[in-house]
Amino acid sequence: MKQIKQRTSKVVPFTGEFYPVPDPEPTPVVNNAAAYLVIIAAALVAGLSIGAISTYQSADQVQLREMKAQSQQLEKVKSQVCR
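Residues numbered from 1 in each chain as written. Predicted model: local features only at pLDDT ≥ 70, side-chain atom pairs only at ≥ 80, totals over all residues. Heavy atoms only, no water.

Colleague: Explain the overall build of the protein chain to me, please; I cannot follow it from the model alone.
Modeller: What the protein chain contains, in helices and strands, is two helices and two strands. Mapped from its N terminus to its C terminus, the protein chain presents α and β elements in the order β-β-α-α. The 83 residues of the protein chain split such that 0% are buried. As displayed, the protein chain offers around 8400 Å² of accessible surface, 63% of which is attributable to carbon and sulfur atoms. (Helix = DSSP H or I, 4+ residues; strand = E, 2+ residues; numbered from the N terminus. Buried < 20%, exposed > 50% of the residue type's maximum accessible area, 1.4 Å probe, protein only. Areas by Shrake-Rupley, 256 points an atom, 1.4 Å probe, with all protein chains shown as cover.)

Written out as structure tokens, the structure reads:
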């Protein structure tokens, strides 16, 4: 048994013209693997950035940067005094 697909028409208001109703387009197939890879990559980047920020702001790193700045200031004072 064949099923006959009946095409319907709609009337355009005020002109009385008929136009065919378009068939609904099939939904596109979504590639789930690519979506998961993008999510995993985003999570990896977020994790790395959080790790870098926490390392940069750790007490040891702050103290190390302060010591380097003090060492540079000491070298400047030493070079000015010892001329």
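More follows now that the structure is in view.
Colleague: Is there a simple way to think about the pattern of salt bridges in this case?
Modeller: Pairs may arise between side chains of opposite charge once their charged atoms sit close together. This model, assessed by the stated rule, comprises one salt bridge. Note that E75 is salt-bridged to K78, the shortest N-O span being 4.0 Å. Taken together, the residues span about one helical turn, with E75 and K78 both in helix 2 (residues 59-81) at a distance of three residues. Residue classification places K78 among the partly exposed positions, given a relative accessible area of 47%. (Salt bridge = Lys/Arg side-chain N within 4 Å of Asp/Glu carboxyl O.)

Colleague: Before we go on, may I ask you to explain a nonpolar patch on the surface in this structure?
Modeller: Taken together, the side chains of Y36, L37, I39 and I40 define a hydrophobic patch exposed on the protein surface, amounting to about 470 Å² of accessible area. Assignment of secondary structure puts Y36 in helix 1 (residues 32-56). Taking the relative accessible area as the measure of exposure, Y36 reaches 55% and is therefore exposed. (Patch = residues over 30% accessible without salt bridge, like charges linked within 9 Å, V, L, I, M, F, W, Y side chains within 5 Å.)

Colleague: Explain the packing of aromatic side chains here, please?
Modeller: Think of a pair of aromatic rings as described by two things: how far the centres are apart, and how the planes are tilted against each other in angle. Following the criterion strictly, the structure yields zero aromatic pairs and no others. Between R65 and the ring centre of Y56, over which it is positioned, the NZ or CZ distance is 3.9 Å. (Phe/Tyr/Trp six-rings, centres within 6.5 Å; stacked < 30°, edge-to-face > 60°. Lys NZ or Arg CZ within 6 Å of the ring centre and 35° of its normal.)

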